[in-house]
Amino acid sequence: MDGFENWSHASETGVGAMITLPLTEDRFPDMEALFGDRGVARRCFCMHWRRPDGGFPTKQDNRDRFAEAVQAARRPPGLLGYVDDRPVGWVQVGPRSDFPTVARSRLLKPVDEVPSWSINCFVVAPGNRKQGIAQGLLAAAVQFARDAGAAVIEAYPVDGTRSSTVDYFTGIISMFAAHGFVEIARRNDTRPIVRLTVPAHRTTRA
């Protein structure tokens with residue numbers, strides 16, 4: 001996958017040292033194990049942000065759609081965090097153009113024409129939440145985007161009361177603020193767009 005085979009990121013969490021690795025075909029079963037057999041994450045399988053204009057052309061399970069996306073990708077579509085070789089978290093990260101739903105969103109549509117990357121989904125294994133795993137995944141996602149050549153990274157956290165379980169998947173604003181993200185737009189009370197401009201040095205181009 002375009003030179004990312006040996007990419008990794010290390011961070012400390014409340015459940016031990018976490019190694020974050022790119023999602024590749026051989027790691028797809030780990031993503032399935034993390035998402036489980038039921039629940040919002042399993043039903044969506046991170047395809048919400050990838051839904052094309054006009055919707056999906058065929059009836060298909062989102063798991064199968066995402067598996068096909070992984071197979072076809074020249075760049076990993078996200079990262080998996082492992083503690084003691086056990087998958088404990090997932091973060092989706094990629095160029096904003098990979099996520100048509102963002103462009104269609106009344107609240108999250110682009111503020112300007114600046115090419116940016118998007119961090120838009122976190123999944124943490126049950127029993128491991130509030131242990132710093134999402135923060136470690138965010139740090140990894142920022143580094144991954146930077147190494148892939150990103151100059152600007154956006155995210156869409158919740159700030160305030162959450163209206164549904166789905167709100168938990170985009171992260172909270174304090175987590176992004178701790179990593180240097182700043183708010184650039186807010187089209188309602190609870191859903192800001194935050195942005196990070198990363199240093200110009202890049203080690204790998206996607």
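Structure first, text after, so check above.
Asks: I tried to follow the overall build of the protein chain on my own but got confused; where do I start?
Replies: In terms of helices and strands, the protein chain carries 6 helices and 8 strands. Seen through its principal axes, the protein chain has C-alpha atoms that stretch 40 × 40 × 35 Å. Going through the 206 residues of the protein chain one by one, you find that 49% of them count as buried. For the protein chain, the share of sequence-separated contacts (at least 6 apart) that also reach a separation of at least 24 residues comes to 67%. Roughly 10,000 Å² of accessible area belongs to the protein chain as shown, and the carbon and sulfur atoms make up 49% of that amount. Within the protein chain, the 23 negative side-chain charges are centred at a point lying 6 Å from the centre of the 26 positive side-chain charges.

Asks: Please explain unusual backbone geometry as it appears in this structure.
Replies: With the exception of glycine, most residues fall at negative phi, and the peptide bonds are largely trans. Notably, Cys 46 is not glycine yet its phi reads approximately 60°, a positive angle. Within the secondary structure layout, Cys 46 lies in the loop between α2 (40-44) and α3 (62-72). A positive phi angle, close to 60°, is found at Lys 130, a residue other than glycine. Residue class for Lys 130 comes out exposed when judged on its relative accessible area of 87%.

Asks: How do you make sense of the pattern of salt bridges when you look at a structure like this?
Replies: When the charged atoms of two side chains with opposite charge come close together, those side chains can pair. Under the criterion given, the structure shown has 10 salt bridges. Close ionic contact of Arg 63 with Glu 32 constitutes a salt bridge, the shortest N to O distance being 2.9 Å. Of the two residues, Arg 63 sits in helix α3 while Glu 32 sits in helix α1 (residues 28-35), which places them 31 residues apart along the sequence. By relative accessible area, Arg 63 is classed as partly exposed at 23%. A salt bridge links Glu 154 to Arg 96, with the nearest nitrogen and oxygen atoms 3.1 Å apart. Within this pair, whereas Glu 154 is found in strand β6 (residues 152-155), its partner Arg 96 is found in the loop between β4 (86-95) and α4 (100-104), the two being separated by 58 residues in sequence. Grouping residues by exposure puts Glu 154 and Arg 96 together as buried. Members of the salt-bridge network, linked through shared partners, are Arg 96, Asp 112, Glu 154 and Arg 195.

Asks: Could you clarify how one ought to interpret the pairing of strand β5 (residues 117-124) in this entry?
Replies: Remark: a regular strand shows side chains that alternate across the two faces of the sheet. Of all 8 residues in β5, 8 are buried, a share of seventy percent or more. Summarising the sheet, β4 and β5 pair through 7 bridges and their orientation is antiparallel. Its bridge partner lying in β5, Gly 94 is registered against Ser 118. Where β5 meets β6, 3 bridges bridge the pair, whose relative direction is parallel. Residue pairing in the sheet places Ser 118 in a bridge with Glu 154 of β6. Taken together, β5, helix α5 (residues 133-147) and β6 form a β-α-β motif whose crossover is right-handed.

Parameters and conventions
- Residues numbered from 1 in each chain as written.
- Predicted model: local features only at pLDDT ≥ 70, side-chain atom pairs only at ≥ 80, totals over all residues.
- Heavy atoms only, no water.
- Helix = DSSP H or I, 4+ residues; strand = E, 2+ residues; numbered from the N terminus.
- Buried < 20%, exposed > 50% of the residue type's maximum accessible area, 1.4 Å probe, protein only.
- Contact = heavy atoms within 4.5 Å.
- Areas by Shrake-Rupley, 256 points an atom, 1.4 Å probe, with all protein chains shown as cover.
- Lys, Arg positive; Asp, Glu negative; His and termini not counted.
- Charge placed at Lys NZ, Arg CZ, Asp CG, Glu CD.
- Salt bridge = Lys/Arg side-chain N within 4 Å of Asp/Glu carboxyl O.
- Pairing = 2+ DSSP bridges.
- Right-handed = clockwise from strand over helix to strand, strands pointing away.

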